[in-house]
Amino acid sequence: MSTNNRLRSDPRPGVIFHPGLLAGIDTIANMVRGTLGPLARTVAVSGNFRTDTPEILDDAGIVARRVIQIGDPVADAGAMMMRHALWRVRELHGDGAATTAMIAQTMAHGAVRAVSAGVHPTLMREALTKSGKLAITALRACSEHIRGGSAGRETLRAVAQAMCQDAELCDALTMAVDLVGADGGITIVANEPRTIFSEFIEGSMWETGVLAPGFSHEPGKNMVRLDDAAVVVLAGTLNSAEAVLDGLRGLIDSGRPRVLLVVQGLSDEARQVMLQIQHRGMANLLPVKAPYLEGEAMVALEDICVLTGATQLNTGDTAADDAFARMAPAQAGSARRVWADDKRFGIVAGARNPHLMRERIALLKRQLDTETHTDMLEKLRGRLGRLYGGLAMIRVGAATMKAGSVRRDQAERMARALQSVLSSGVVAGGGAALARVAATLEQSAPVALEARWARDIMAGALRAPLRVIAENAGYDPTLSMHSMTHAAADAVFDVRTGMNAGMRAAGVIDSVETLCSAIRVATSTVAMAVTTDALVLRKAPPTSAFP
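The following refers to the structure shown. Computed from a predicted model, the values in this text were never measured in an experiment.

## What to know about the overall build of the protein
Link 1 in the chain: If you tally the helices and strands in the protein, you get 20 helices and 15 strands.
Link 2 in the chain: Expressed as a percentage of the 547 residues in the protein, the buried residues total 51%.
Link 3 in the chain: Long-range contacts, defined here as pairs at least 24 residues apart, represent 77% of the contacts in the protein between residues at least 6 apart.
Link 4 in the chain: In the structure as shown, the protein presents an accessible area of about 25,200 Å², 52% of it carried by carbon and sulfur atoms.

## Thoughts on the packing of helix α11 (residues 299-308) against helix α13 (residues 354-370)
Link 1 in the chain: Interaxial distance between α11 and α13 falls to 9 Å at its minimum, and their mutual angle equals 140 degrees. By the angle class used here, α11 and α13 are oblique. Where α11 approaches α13, its residues V299, E302, D303, V306 and L307 are matched on the opposing element by L356, M357 and R360.
Link 2 in the chain: Tallied by class, the residues present in the contact of α11 with α13 amount to five nonpolar, no polar and three charged.

## So, the pairing of strand β8 (residues 284-289)
Link 1 in the chain: The pairing of strand β7 (residues 258-266) with β8 spans six bridges and is classified as parallel. Bridge assignment links V263 to a residue of β8, and that residue is K289.
Link 2 in the chain: Regarding the hand of the β-α-β motif, the stretch spanning β7, helix α10 (residues 268-279) and β8 is right-handed.

## Some thoughts on the sheet that holds β8
Link 1 in the chain: Pairing is mixed in the open sheet, where six strands are placed in the order β5-β10-β9-β6-β7-β8. The open sheet has two edge strands with one neighbour each: β5 (204-206) and β8. Adjacent strand axes in the sheet meet at a mean angle of 40 degrees when their direction is disregarded.
Link 2 in the chain: One ladder, built from seven bridges, connects strand β6 (residues 224-238) with strand β9 (residues 333-340); its direction is antiparallel.

## Looking at helix α17 (residues 449-473)
Residues that lie three or four places apart on an α-helix share one face, since the helix turns once every 3.6 residues.
Link 1 in the chain: With 25 residues, α17 should reach 36 Å at 1.5 Å per residue; the first-to-last C-alpha distance of 37 Å fits that figure.
Link 2 in the chain: Along α17, the largest kink reaches about 35 degrees and is centred on A464; proline P465 follows within four residues of it.

## A look at unusual backbone geometry
Link 1 in the chain: Look at D228: it is not a glycine, yet its phi comes out positive at around 50 degrees.
Link 2 in the chain: Along the chain, D228 turns up in strand β6.
Link 3 in the chain: The class of D228 is exposed, set by a relative accessible area of 54%.

## Observations concerning the pattern of salt bridges
Link 1 in the chain: Taken as a whole, this structure holds 20 salt bridges when the rule is applied.
Link 2 in the chain: D171 is the salt-bridge partner of R157, the closest N and O atoms lying 2.0 Å from each other. Of the two residues, R157 is situated in helix α7 (residues 149-163) and D171 in helix α8 (residues 167-180); the sequence distance between them amounts to 14 residues.
Link 3 in the chain: On the accessibility criterion, R157 (19% relative accessible area) is buried.

## Digging into the packing of aromatic side chains
Link 1 in the chain: Across all of its chains, the model carries one aromatic pair by this definition.
Link 2 in the chain: Note on Y475 and F493: the rings are 5.3 Å apart at their centroids and 85 degrees apart in plane angle, and the pair reads as edge-to-face. Placement of Y475 in the loop between α17 and α18 (477-483) and of F493 in strand β13 (residues 491-494) is noted, with a sequence separation of 18 residues between them.
Link 3 in the chain: A relative accessible area of 29% means that Y475 is categorised as partly exposed.

What counts, and where the lines are drawn
Residue numbers restart at each chain and count upward from 1, following the sequence in its written direction. Per-residue local features of the predicted model are confined to residues with pLDDT of at least 70, and side-chain atom pairs are confined, for both listing and counting, to 80 or more; whole-chain, interface and lining totals are unaffected and use all residues. Where side-chain values are given, they derive from all heavy atoms of the structure, hydrogens and water being excluded. Numbered from the N terminus, helices here are DSSP runs of H or I no shorter than four residues, and strands are runs of E no shorter than two. We call a residue buried when its accessible area falls under 20% of the maximum for its residue type, exposed when it is over 50%, and partly exposed in between, using a 1.4 Å probe and counting protein chains only. In this description, contact between two residues means that some pair of their heavy atoms is separated by no more than 4.5 Å. Here the accessible surface of atoms and residues is derived via Shrake-Rupley with a 1.4 Å probe, and residues count as covered only by protein chains that are part of the display. In this description, a line fitted to the C-alpha atoms serves as the axis of each element, helices being fitted only across the stretch in contact, and the angle between N-to-C directions of two axes falls anywhere from 0 to 180 degrees. Should an angle lie under 35 degrees it is considered roughly parallel, over 145 roughly antiparallel, and from 65 to 115 roughly perpendicular; all remaining angles are considered oblique. Gly is put with the polar residues, along with every residue not named as nonpolar or charged; the nonpolar set is Ala, Val, Leu, Ile, Met, Phe, Trp, Tyr, Cys and Pro, and the charged set is Asp, Glu, Lys and Arg. What makes two strands pair is DSSP finding at least two bridges between them. Handedness is read with the strands pointing away from the viewer; a crossover is right-handed when the path from the first strand over the helix to the second is clockwise. In this scheme, a helix's expected span is set at 1.5 Å multiplied by one less than its residue total. One axis fitted to the seven residues ending at a residue, another fitted to the seven starting there: the angle between these axes is the bend at that residue. When a carboxyl oxygen of Asp or Glu lies within 4 Å of a side-chain nitrogen of Lys or Arg, that pair is called a salt bridge. We call Phe, Tyr and Trp rings a pair once their centres come within 6.5 Å, taking the six-membered ring for Trp, and we label the pair stacked below 30 degrees between planes, edge-to-face above 60, and tilted otherwise.

This is the structure:
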């Protein structure tokens with residue numbers, strides 16, 4: 001007898017979806033329910049003390065993150081499952097947390113009914129997972145990729161406006177994403193004035209600067225610029241004056257007196273010798289601190305070598321002086337221009353190796369496809385932006401430090417969302433595309449009982465976002481759903497006007513990758529909850545502000 005037949009014929013009557021887990025899922029979902037849609041409401045979160053001003057939020061991911069613990073320990077487990085799910089989608093794509101919550105909540109209630117009716121939890125889990133994959137496939141099939149030019153920028157701006165009413169921020173992010181593309185680097189930094197200032201940095205830039213003062217040719221300025229520079233990459237610290245003299249002599253004799261030296265450190269002796277060479281007019285030198293990426297100390301140096309054609313001289317401090325002294329001029333790369341100040345340095349038009357460049361870009365794209373940690377995703381996108389030869393920096397200011405922090409967080413969230421849109425394409429927003437996928441699922445005719453349950457549960461869950469958006473705007477969700485039945489393929493129900501319209505004309509557009517993640521994460525969360533037979537509870541469980 002097969003395993004599936006055994007499970008169908010011998011269900012365990014005591015296995016049910018624990019009501020406490022469902023209560024926790026409902027707690028988080030109901031908390032963020034009002035934040036979904038263009039006419040959404042806000043959530044007030046009180047501070048730790050009675051005198052604290054309540055925090056007014058419209059971001060479902062942040063609202064869920066503010067929940068540290070709820071009273072019922074079993075319900076708390078369900079709430080933490082939802083909290084983690086919402087924050088994960090929000091961190092990966094910058095949006096989609098409220099949609100994930102509505103899909104997961106509806107799916108969880110459907111799973112309760114199925115398990116109570118006798119469907120085995122394990123089979124229910126498998127069937128839900130398969131239905132989720134079918135829904136994602138159908139959603140991708142109806143997506144549209146963004147065209148270039150003004151039409152593409154208008155689409156990006158529509159997505160940005162759906163997330164944020166800050167017109168200045170929308171304009172800056174739309175321009176930045178249009179310039180650097182889906183994989184380019186976008187850096188959000190604080191700006192002292194209250195305005196937003198954007199700049200596109202040609203070439204590649206790293207967040208480390210000049211190792212020592214005194215190398216600038218412009219009195220009173222810390223910025224150093226060199227044209228037609230040799231680029232030396234050394235993974236170590238230069239200590240010996242003799243090594244500095246021997247290494248630079250070869251470059252100067254070969255007619256390359258302008259040198260960018262990327263090195264981990266300089267001793268006082270080495271720095272003094274370099275300054276003497278600089279002041280005597282023998283060479284123009286620019287020593288900068290080697291950049292360091294957490295967990296991968298050498299990858300930044302490897303990227304610089306690929307960009308400039310340089311050969312990394314050594315891999316340890318003990319051989320740094322010897323490797324620099326014996327350096328051949330051919331081991332130095334080159335760049336049309338290099339620059340540095342106290343905090344940053346950049347390379348413009350390096351003599352890149354095309355073959356190595358293609359390999360490195362392909363490797364980084366593969367890592368982007370599999371990476372899920374937000375910080376690492378940002379590092380990978382930054383490296384891709386450097387290799388492509390351009391970075392966008394957006395300086396975001398506000399009236400107060402708190403407002404500036406909120407505005408920068410929103411800018412980072414929007415940047416992720418817009419790049420996701422550019423890479424994966426768009427579908428009709430406002431829950432319209434999900435509702436059409438639900439109709440597609442219902443046209444299938446699965447044979448197995450649990451597959452039919454899963455199909456109906458998934459279809460109901462995919463219609464939930466459209467229903468909630470209509471409810472939040474004051475419309476009858478049944479009538480709103482009915483109005484979409486015979487509408488055009490790209491039509492949406494625009495709750496701001498109460499009418500159906502084309503998704504681009506209405507500006508109601510969603511990222512297909514964000515919706516796919518919402519389905520995937522919601523399905524995984526409910527599948528885990530439905531097969532949880534026992535919980536081990538600690539008397540004093542630890543709490544964390546981070547999901």
